[in-house]
Amino acid sequence: MTGHGIARVDGLRIHYRRAGTEGPTVVLLHGAGVDDADLSWRHTVETLAEEYQVYAPDWPEYGDSDPVDDPSIDTYREVFEGFVESVGLDEFALVGISMGGAVALGYTLDHPDRVRALGLVDSYGLGGTIPGGSMLYVLANVPGANATGWSMLGSSRTATVTGLANVVYDPSTLDEAFVESINERASQRGAGRAFTAFQRNEITPDGRARTNFADRLGELSVPTLLVHGETDPLFPVSWARRAHERIPGSELVVFENCGHWPTREHPEKFDETLLGFLRAQVPSEARDGE
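Residues numbered from 1 in each chain as written. Predicted model: local features only at pLDDT ≥ 70, side-chain atom pairs only at ≥ 80, totals over all residues. Heavy atoms only, no water.

An unreviewed UniProt entry lists the protein chain under the name Alpha/beta fold hydrolase, with Haloarchaeobius litoreus given as the organism.

A. Quick look at the nonpolar core. With 47 residues, the main nonpolar core has F80, F83, F92, L94 and L105 as its most contacted residues. In this structure F80 touches V27, L29, W59, F92, L94, V103 and Y107, once residues within four positions along its chain are discounted. One finds L28, V95, C258 and F270 within the second-largest nonpolar core, a separate group that totals 40 residues. (Core = buried A, V, L, I, M, F, W, Y, C linked by side-chain atoms within 4.5 Å. Buried < 20%, exposed > 50% of the residue type's maximum accessible area, 1.4 Å probe, protein only. Contact = heavy atoms within 4.5 Å.)

B. The pairing of strand 4 (residues 53-57), seen in detail. For strand 4, the tally of buried residues reaches five of five residues, placing the bulk of the element in the interior. Side chains Q53, Y55 and P57 project from strand 4 onto one buried face, and the interleaved V54 and A56 project onto a second face that is buried too. Since strand 3 (residues 25-29) and strand 4 lie parallel, the crossover through helix 1 (residues 37-48) that links them has a hand, and here it is right-handed. (Helix = DSSP H or I, 4+ residues; strand = E, 2+ residues; numbered from the N terminus. Right-handed = clockwise from strand over helix to strand, strands pointing away.)

C. Broad picture of the environment of T129. Mapped onto the elements of the fold, T129 is located in the loop between strand 6 (115-121) and helix 4 (133-141). A residue is classified by how much of its surface remains accessible, and T129, at 47% relative accessible area, is partly exposed. For the pair formed by T129 and R210, sequence separation is 81 residues and the distance between their alpha carbons is 9.6 Å. The contacts of T129, once residues within four sequence positions are left out, are G207, R208 and W239. One polar contact links T129 to R208, side chain to side chain, over a distance of 2.6 Å. (Polar contact = N/O pair within 3.5 Å; in protein donor to acceptor, adjacent residues only side chain to side chain.)

D. Local environment of the pattern of salt bridges. Evaluated as defined, the whole model comprises 16 salt bridges. Here D66 makes a salt bridge to R13, at a shortest N to O gap of 3.8 Å. With D66 in the loop between strand 4 and helix 2 (73-87) and R13 in strand 2 (residues 12-19), this pair connects stretches of sequence that are 53 residues apart. Between R193 and E61 there is a salt bridge, with the nearest N and O atoms lying 2.7 Å from each other. In this pair, R193 is assigned in helix 8 (residues 193-202) and E61 in the loop between strand 4 and helix 2, connecting sequence segments 132 residues apart. The structure contains a network of salt bridges with shared partners spanning R17, D36, D38, R42, E46, E184 and R185. (Salt bridge = Lys/Arg side-chain N within 4 Å of Asp/Glu carboxyl O.)

E. Structural view of the sheet that holds strand 6. If you walk across this open sheet you meet the eight strands as 1-2-4-3-5-6-7-8, and the pairing is mixed. The outermost strands of the open sheet, each flanked by one partner alone, are strand 1 (2-9) and strand 8 (251-255). Taken pair by pair, the neighbouring strands of this sheet meet at an average axis angle of 20°, ignoring direction. Pairing between strand 7 (residues 224-229) and strand 8: five bridges, direction parallel. (Pairing = 2+ DSSP bridges. Axes fitted to C-alpha atoms, helices over the stretch in contact; angles between N-to-C directions.)

F. How the structure looks around the packing of aromatic side chains. Tallied over the full model, the rule gives 14 aromatic pairs. Considering the side-chain rings of W41 and F270, the 6.2 Å spacing of their centres and the 45° angle between planes classify their relative orientation as tilted. In this pair, W41 sits in helix 1 while F270 sits in helix 11 (residues 267-281), placing the two residues 229 residues apart along the sequence. Here W41 and F270 have matching classes, each one buried. Between F195 and F198, the aromatic rings sit 6.4 Å apart at their centres with planes inclined by 25°, giving stacked as the arrangement. Residue F195 and its partner F198 are located together in helix 8, separated by three residues, close to a single helical turn. Above the plane of the ring of F255 lies K269, whose end atom (NZ or CZ) is 4.4 Å from the centre. (Phe/Tyr/Trp six-rings, centres within 6.5 Å; stacked < 30°, edge-to-face > 60°. Lys NZ or Arg CZ within 6 Å of the ring centre and 35° of its normal.)

G. Expanded view of the layout of surface pockets. Estimated volume of the largest pocket: approximately 1,000 Å³. Contributing to the lining of the largest pocket are 38 residues, with L136, W150, V167, F195 and L234 lying nearest its centre. The set of elements that each furnish at least two residues to the lining of the largest pocket consists of helix 4, helix 5 (145-153), helix 6 (157-164) and helix 8. It is helix 5 that provides the largest number of residues to the lining of the largest pocket, a total of six residues. Of the residues belonging to the lining of the largest pocket, the class tally is 24 nonpolar, 12 polar and two charged. Its volume calculated, the second largest pocket comes out at about 450 Å³. Lining the second largest pocket are 23 residues, with D36, E61, Y62, G63 and Q188 positioned closest to its centre. Among the elements of the structure, strand 2, helix 1, helix 7 (176-186) and helix 8 are those that each provide at least two residues to the lining of the second largest pocket. Split by residue class, the lining of the second largest pocket holds five nonpolar, seven polar and 11 charged. (1 Å grid on protein atoms, 1.4 Å probe; cavity = no way out; pocket = protein on both sides within 12 Å on 5 of 7 lines; lining within 4 Å. Points joined across faces, edges and corners; volume = space filled by probe spheres on them. Nonpolar A, V, L, I, M, F, W, Y, C, P; charged D, E, K, R; others polar.)

Right, here's the structure in full:
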């Protein structure tokens, strides 16, 4: 059964999903755009909760969390540090998708004593040049451009499916509830506002990422799983393959026929992959007793 909570972080209300009552703790960090904890992790939270205690926070101005003035990876890392303290976490496995992956990676590099295992899913922060990055910079800096795009995405189901084709491998395979959730979030007033501000802070005029941990990957000392869609149009699979070579003892799983959202494009396969990794690296008492 999934519950909800509110953490207080430097005056911000940070909403989070909570599930599971026994076993080690796993924290799931969602991505950007119109994402939130429920959108990316809906299936995963329920799957993991059978053996783990699961937390999935909404980033500021995502889901039901308060906004923050200056959204960036550095800002979100500070928010996450406050979240960890607010809810009283000690050691935990940490999994992040896309933008959340960069936060998870940066936090782990700073706090290796806290993170028992790390999962990076189509993660930002693994490379420099972003495909289409220069266009993303322009869209983020032309007044109203991104807002118009999100409004169009939320204008109809057909428009939502068409827009998702720029992110996932085959939108026709997505479950209807996911498409409806994207449509509902994109049609809200102010949709994508936090992401636009994030883009301004994170993407340079020449299309490069300001956050790039590629040269620090050799410092990771925790068990690490990399999951990446083979046809991810946002962050290329080559980033994950290079990271796998640089992170000592890491595991890499590349999903075929998958774009940027493996948690929703192939939810059962993703949950099986993540659960297998966690069982090996952070076994629960229930598994130990079998």
